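So you can see what is in the structure, the chains are spelled out below.
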Amino acid sequence: MPDPRARRGIRHPWTALLTSAAAAVLAGAASITAIGEWVADAPQRVLALLGFRPDPLTGLIRPPHATTVRLVLAAADGDALDRAIGDFLQERQAPSPGRTVIAVDGKTLRGSRSATRTATALIAAMTHSGQVLAQRQIDRAQES
């Protein structure tokens, strides 16, 4: 994905800025302001994983300012980003033949809690083709 910024004054890698915005949205940020706040509050190890570089003198990563995040998102070519994500997903390989991918998910049943009883919690395992392999009620005290 092309970086439309002028070379002068660039402090943060383009991919790190876009990746951090995507991570913020995945973490629940619903606005550009929330995305900027999430990036500003991200721990150092998260910033490093997202591709931000540490300062050579202090070793600390200075997160981008919320305004920087806003300007980057405004400058990003949405169509190019869509194509880049689509290409990435197309290149991903399917699981090796003979391997079954299993999804595990837990739910708490709405309305199952009463004054004398805790809510009923279930855990289920299913294949990506929709076949349910197992579903069990779990003890809420065992959840982590």
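Predicted model, so just to flag it, every value in this text is computed and none were measured.

A. Region of interest: the environment of R136. Locating R136 in the fold gives a position in strand β3 (residues 132–138). Distance from R136 to G106, taken between C-alpha atoms, is 9.5 Å for residues 30 residues apart in sequence. Non-local contacts of R136, meaning those with residues more than four positions away in its chain, are made with A121, L122 and I123.

B. Expanded view of the packing of helix α1 (residues 14–26) against helix α4 (residues 66–75). Relative to each other, α1 and α4 sit at 95°, their axes nearing to 10 Å. The orientation of α1 with respect to α4, classified from their angle, is roughly perpendicular. In contact with W14, L17, L18 and A21 of α1, α4 contributes T68, V72 and L73.

C. Main features of the sheet that holds β3. A sheet is described by the order of its strands in space; here three strands give the open sequence β1-β2-β3, paired in antiparallel fashion. Looking at strand neighbours, the two that pair on one side only are β1 (102–108) and β3, the edges of this open sheet. When strand polarity is set aside, the average angle formed by the axes of neighbouring strands in this sheet is 15°. Examined bridge by bridge, β1 and strand β2 (residues 121–127) share seven bridges and lie antiparallel to one another. Within the sheet, the bridge partner assigned to K107 lies in β2 and is L122.

D. Spotlight on the nonpolar core. The biggest cluster of nonpolar side chains holds twelve residues, and these are W14, A16, L17, L18, A42, V46, L47, L50, F52, I61, V72 and A76. Where this core is concerned, the elements lending two or more residues are α1 and α3 (44–50). Here the element with the most residues in this core is α1; it accounts for four residues. A24, A29, I35 and V69 belong to the second-largest nonpolar core, a separate cluster that totals six residues.

E. Focus on α1. The end-to-end C-alpha separation of α1 is 19 Å, in line with the 18 Å expected for 13 residues at 1.5 Å each. Looking at the packing, one finds that the buried side of α1 touches α2 (32–41), α3 and α4. A positive backbone phi angle near 115° is found at G28, which sits one or two residues after α1.

F. Spotlight on the pairing of β3. Bridge count between β2 and β3: six bridges; the pairing is antiparallel. Counterpart to A124 in the pairing with β3 is Q135. In textbook terms, the turn of a hairpin is the stretch between consecutive antiparallel strands, and for β2 and β3 this stretch comprises four residues, one of which, G130, has a positive phi near 105°.

G. A look at the environment of W38. Of note, W38 is situated in helix α2. In sequence terms W38 and A23 are 15 residues apart; their C-alpha atoms lie 8.9 Å from each other. Excluding residues that lie within four positions of it along the chain, W38 makes contacts with S20, A23, A24, A27, V46 and L50.

The rules behind these values
- Residues numbered from 1 in each chain as written.
- Predicted model: local features only at pLDDT ≥ 70, side-chain atom pairs only at ≥ 80, totals over all residues.
- Heavy atoms only, no water.
- Helix = DSSP H or I, 4+ residues; strand = E, 2+ residues; numbered from the N terminus.
- Contact = heavy atoms within 4.5 Å.
- Axes fitted to C-alpha atoms, helices over the stretch in contact; angles between N-to-C directions.
- Parallel < 35°, antiparallel > 145°, perpendicular 65-115°, else oblique.
- Pairing = 2+ DSSP bridges.
- Core = buried A, V, L, I, M, F, W, Y, C linked by side-chain atoms within 4.5 Å.
- Buried < 20%, exposed > 50% of the residue type's maximum accessible area, 1.4 Å probe, protein only.
- Expected span 1.5 Å × (residues − 1).

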